[in-house]
Amino acid sequence: RQRAIEARGLAPGIMEIGLSINGEVKQQANTDLMVHSLDSIMGHLRNWYGLSPGDLVWTGTPEGVGPLKEGDIIEAWMKNSEGEIVSKLKAECRI
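Computed from a prediction, not measured in an experiment: that's the story for all the values here.

Colleague: Please clarify how the side chain of S20 should be interpreted in this entry.
Modeller: Position of S20 relative to the elements: it lies in strand 2 (residues 16-21). Its relative accessible area of 6% is what places S20 among the buried residues.

Colleague: Is there a simple way to think about the nonpolar core in this case?
Modeller: As a rule of thumb, nonpolar side chains are buried together in soluble globular proteins. Of all hydrophobic cores here, the largest spans 6 residues; its members are L19, I21, I74, A76, L89 and C93. Counting residues per element, the ones that place at least two in this core are strand 2 and strand 4 (73-79). In this structure, I21 is in contact with K26, L68, D72 and I73, ignoring residues within four places of it in sequence.

Colleague: Where do I start with unusual backbone geometry in this structure?
Modeller: With the exception of glycine, most residues fall at negative phi, and the peptide bonds are largely trans. For N22, which is not a glycine, the phi torsion comes out positive at approximately 55°. Checked against the element boundaries, N22 lands in the loop between strand 2 and strand 3 (24-30). On the basis of relative accessible area, N22 is assigned to the partly exposed category, the value being 45%.

Colleague: What's the story with the pairing of strand 2 in this structure? I'm lost.
Modeller: Every regular strand shows the same layout, with side chains that alternate between the two sheet faces. Relative to strand 3, strand 2 runs antiparallel, the two sharing 6 bridges. Paired with L19 across the bridge in strand 3 is Q27. Linkage of strand 2 to strand 3, two consecutive antiparallel strands, is achieved through a turn of 2 residues, within which N22 is found at a positive phi near 55°. By the bridge criterion, 6 bridges tie strand 2 to strand 4 in an arrangement that is antiparallel. Residue pairing for strand 4: G18 is matched across the bridge by W77.

Colleague: Any chance you could explain the pattern of salt bridges here in plain terms?
Modeller: Where charged atoms from two side chains of opposite charge come close, those side chains can pair. Taken as a whole and judged by the stated rule, the model has 2 salt bridges. Between K26 and E24 there is a salt bridge, and its shortest N-O distance comes to 3.7 Å. E24 gets classed as partly exposed once you look at its relative accessible area, which sits at 47%. Between D72 and K69 there is a salt bridge; the shortest N-O distance is 3.2 Å. The exposure class assigned to D72 is buried, which follows from its relative accessible area of 4%.

Rules used in this analysis
- Residues numbered from 1 in each chain as written.
- Predicted model: local features only at pLDDT ≥ 70, side-chain atom pairs only at ≥ 80, totals over all residues.
- Heavy atoms only, no water.
- Helix = DSSP H or I, 4+ residues; strand = E, 2+ residues; numbered from the N terminus.
- Buried < 20%, exposed > 50% of the residue type's maximum accessible area, 1.4 Å probe, protein only.
- Core = buried A, V, L, I, M, F, W, Y, C linked by side-chain atoms within 4.5 Å.
- Contact = heavy atoms within 4.5 Å.
- Pairing = 2+ DSSP bridges.
- Salt bridge = Lys/Arg side-chain N within 4 Å of Asp/Glu carboxyl O.

Have a look at this one:
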């Protein structure tokens, strides 16, 4: 099962990104640490492939990644500089 809320309210600036597995935060960082800016990445993707509402873009991972097992609940989020969640994903691992 997967439920995603499309990104909204994205404004220039640093965004917090995070991921939890079964409610335990495993990854938490911000977009200022990325090699390429969100604007640059999204611009290239729009030019090369086109993007549609609901598309998910995976760019890599900060520290903390580890194995998943059947039934794990994965939650990922992005918050703007005001702390408002602007993108969220919740999924269950199925093997």
